[in-house]
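The chain contents come next:
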Amino acid sequence: MRFVSFLIVLTAAMMVLSQPVMAQANLHDAPGSYDGLLDIIRNSANQWSGQLRGYATNLFWSLVTISLVWNFGQLVLRQAEFSEIAAELFKFIVINGFFYTLMIFSVDIASAIINSFRQAGATAAGVGTGLRPGDLFSLGIELAKTLTHPTVNPMVALQSGLSGLIILLCFAFIAAFMGITLIQAYVVINASVLLMGFGGSQWTRDYSMAMLRDAMAMGLTLF
């Protein structure tokens, strides 16, 4: 999938460079269309979380009920003291309350993690906080155009053309990779809401933490 996306971006880039007359007109339209596609995918994926949260809630409370019966059943069978039961109940409520809150706000938390890494990377690079794949592609086009001025010297023309092409290929690859990572983030964040329901049991909580680990990994990739 990454290779196919790279070929698509590369083809668009070659078309822009091969048509100088249309380059200025396409400079903003092509990246804008690419970013528009990402917006469509993000908006479509955002609709999944609301539909899946109901299933996750039912799963969560089912697992909470099972854990409650198992944990406190053991305390009753070994005739635990009231203070021990009260302490266990308090810990049970706090832990499950935390995972329930995590389930309700999982999309917002994961999005904040990813966006914080994007913002940190953009700030470190000095390019602002709203960097998108289309912006990277536009920057590559502008930089490549500065190296492809017409000249009568064939060697200079060849060198400048190759330099511009290499720069454009690098930026096209980065833009494609960034776009694929963003699409993966949109899908994983919203589809993984169902996994957050596994936070209702101590035996399955590792599944509920998987989305946060994925968000950290994708955030670092974008950084």
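Residues numbered from 1 in each chain as written. Predicted model: local features only at pLDDT ≥ 70, side-chain atom pairs only at ≥ 80, totals over all residues. Heavy atoms only, no water.

**A short note on the side chain of Asn-96**
Along the polypeptide, Asn-96 turns up in helix α3 (residues 82-104). Relative accessible area serves as the criterion here: at 5%, Asn-96 is assigned to the buried category. For Asn-96, the contacting residues outside a window of four places in its chain are Phe-60, Val-64, Gly-199, Gly-200 and Arg-205. (Helix = DSSP H or I, 4+ residues; strand = E, 2+ residues; numbered from the N terminus. Buried < 20%, exposed > 50% of the residue type's maximum accessible area, 1.4 Å probe, protein only. Contact = heavy atoms within 4.5 Å.)

**Points about the side chain of Asn-71**
Inspection of the secondary structure assignment puts Asn-71 in helix α2 (residues 20-77). Every residue in contact with Asn-71, bar those within four places of it in the chain, is listed here: Phe-92 and Gln-202.

**Quick notes on the confidence of the model for the chain**
Segments scoring low in pLDDT should not have their predicted coordinates read at a detailed level. For the chain, mean pLDDT is 77; residues scoring 70 or higher make up 78% of the total. Here helix α1 (residues 2-18) stands out as the least confident element of the chain, with mean pLDDT 43; α3 is the most confident, with 90. This stretch, residues 1-29, has a pLDDT under 50; its non-local contacts, to residues over four places away or in other chains, come to 26 contacts. (pLDDT = per-residue confidence, 0-100.)

**Some points on the nonpolar core**
Core analysis: the biggest nonpolar cluster contains 38 residues, and Ile-114, Phe-137, Leu-182 and Ile-189 have the highest contact counts within it. The set of elements that each furnish at least two residues to this core consists of α2, α3, α4 (106-125), α5 (133-145), α6 (154-191) and α8 (210-222). Residues contacting Leu-182, with those up to four places away along its chain left out, are Leu-38, Arg-118, Pro-133 and Leu-222. (Core = buried A, V, L, I, M, F, W, Y, C linked by side-chain atoms within 4.5 Å.)

**Re α8**
In this model, α8 (13 residues) spans 18 Å end to end at C-alpha, consistent with the 18 Å of a helix rising 1.5 Å per residue. Within α8 the residues assigned to the buried category are Met-211, Leu-212, Ala-215, Met-218, Gly-219 and Leu-222. For α8, the buried positions fall inside an angular range of 125° around the axis, keeping them on one side. (Expected span 1.5 Å × (residues − 1). Arc of directions from axis to C-beta.)

**A few points about the environment of Tyr-186**
Mapping Tyr-186 onto the fold places it in helix α6. Residue classification places Tyr-186 among the buried positions, given a relative accessible area of 13%. Spatially, the C-alpha atom of Tyr-186 lies 10.0 Å from that of Ala-110, the residues being 76 residues apart in sequence. Those residues in contact with Tyr-186 that sit more than four places away from it in its chain are Leu-38, Ile-41, Arg-42 and Ala-45.

**Structural notes on the packing of aromatic side chains**
Counting across every chain of the model gives 8 aromatic pairs. When the ring of Phe-173 is compared with that of Phe-177, the centres are 6.3 Å apart and the planes differ by 15°; the resulting orientation is stacked. Highlighted residues: Phe-173 and Phe-177, both in helix α6, separated by 4 residues, approximately one helical turn. Note on Phe-198 and Tyr-207: the rings are 5.5 Å apart at their centroids and 50° apart in plane angle, and the pair reads as tilted. Clustering of aromatic rings is evident, with ring pairs tying together Phe-60, Trp-61 and Tyr-100. (Phe/Tyr/Trp six-rings, centres within 6.5 Å; stacked < 30°, edge-to-face > 60°.)

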